[in-house]
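Chains, contacts and geometry: an overview
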Amino acid sequence: MSTTQRGDWVKAYSDDLAYIHDVGFSRFVKDAAPGLLRHLRQARIPKGVVVDLGCGSGIWALRLSDAGFKVLGVDLSPAMIQMARNRVPRGKFQMGSYFKANLPPCHAVTALGEPFNYRFDQKNNLPEVSRLFRRVYAALRPGGLFIFDIAEPGRGDVPRVRYWEGADWAILVEVKEDVRTQRLTRQLTTFRQVGGLFRCAHETHRLQLYERSKIKRELLHAGFRVCILNRYGKLPFPKSCVGFLASKPSEGDD
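Conventions adopted
- Residues numbered from 1 in each chain as written.
- Predicted model: local features only at pLDDT ≥ 70, side-chain atom pairs only at ≥ 80, totals over all residues.
- Heavy atoms only, no water.
- Patch = residues over 30% accessible without salt bridge, like charges linked within 9 Å, V, L, I, M, F, W, Y side chains within 5 Å.
- Areas by Shrake-Rupley, 256 points an atom, 1.4 Å probe, with all protein chains shown as cover.
- Salt bridge = Lys/Arg side-chain N within 4 Å of Asp/Glu carboxyl O.
- Helix = DSSP H or I, 4+ residues; strand = E, 2+ residues; numbered from the N terminus.
- Buried < 20%, exposed > 50% of the residue type's maximum accessible area, 1.4 Å probe, protein only.
- Phe/Tyr/Trp six-rings, centres within 6.5 Å; stacked < 30°, edge-to-face > 60°.
- Contact = heavy atoms within 4.5 Å.
- Polar contact = N/O pair within 3.5 Å; in protein donor to acceptor, adjacent residues only side chain to side chain.

Another aspect to go through is a nonpolar patch on the surface. Nonpolar side chains collect at one region of the surface, where Val-161, Tyr-163 and Leu-172 lie side by side and expose about 280 Å² of accessible area between them. Note that Tyr-163 resides in strand E8 (residues 161–165). Owing to a relative accessible area of 48%, Tyr-163 belongs among the partly exposed residues under this scheme.

What follows concerns the packing of aromatic side chains. Scanning all chains against the criterion turns up 18 aromatic pairs. Ring centres 6.5 Å apart and planes at 35° place the aromatic pair Phe-28 and Phe-237 in the tilted group. Residue Phe-28 is found in helix H2 (residues 27–42), and its partner Phe-237 is found in the loop between strand E14 (235–236) and strand E15 (241–247); the two are separated by 209 residues along the sequence. Looking at Phe-28, the relative accessible area reads 23%, which means it is partly exposed. With centroids separated by 5.6 Å and ring planes inclined at 70°, the aromatic side chains of Phe-133 and Phe-146 adopt a geometry described as edge-to-face. Highlighted residues: Phe-133 in helix H5 (residues 126–139) and Phe-146 in strand E7 (residues 140–151), separated in sequence by 13 residues. The buried category is assigned to Phe-133, whose relative accessible area is 0%.

Further remarks concern the environment of Leu-103. Tracing the chain through its elements places Leu-103 in the loop between strand E5 (92–95) and strand E6 (106–111). Distance from Leu-103 to Arg-27, taken between C-alpha atoms, is 27 Å for residues 76 residues apart in sequence. Residues in contact with Leu-103, not counting those within four places in the same chain, are Val-51, Leu-53, Arg-135, Val-136 and Ala-139.

To continue, consider the environment of Glu-203. Assignment of secondary structure puts Glu-203 in strand E11 (residues 197–208). Classification of Glu-203 by relative accessible area gives buried; the value is 4%. A distance of 2.9 Å separates the side chain of Glu-203 from the backbone nitrogen of Tyr-13, its partner in a polar contact. At 2.9 Å, the side chain of Glu-203 forms a polar contact with the backbone nitrogen of Ser-14.

See the structure below:
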């Protein structure tokens, strides 16, 4: 079974979907990496600890590690965490909800690919996200950065059914958005080749969509200075996605 309950968590990105996501849908993070590293350099963060929330299979963690940063990745998916550990032996990775993860003192926190929207942790809501922002602020050293992106209402205004395939995999995704509750549902059916046959699995992903004005408000309440992003470097965001570059004031700043 690809989706089961574990306490307040929904098990997601099981082995086959994690594999497909890694080999077929990693371009966003790879293309975002140069712009993200530029933000760190511009903030005079050439090294130190970076916490990556919703780290997935460790593609961004590898770029950070290669650039000389120490990385702590957090993700709910055991399959993703295992791939990240294999990909980045020098990194540290922790399986669990980022709402409960211990955040060490760090120079930056990142969360790429709208992870704060996903309701794999059933407690995910705006007050819980706001509490996470305050915890991130407390963990960051003065001058540190918090970089992430979210999905907004309207994210479901894409082709409602889409299909992709690779050499040994295929995936069918059906998207529905509830305008009243501002929730989006993705039904994912995966096919992965095992020997001479294809194995079929299914997952349901539910997202809570957030308006940028509300996220910015919560960041400001936590103490951050906030810049809205429409791209990471040269990589523009998909429709109804927006990024945030939040900085913790340096000591002595007004």
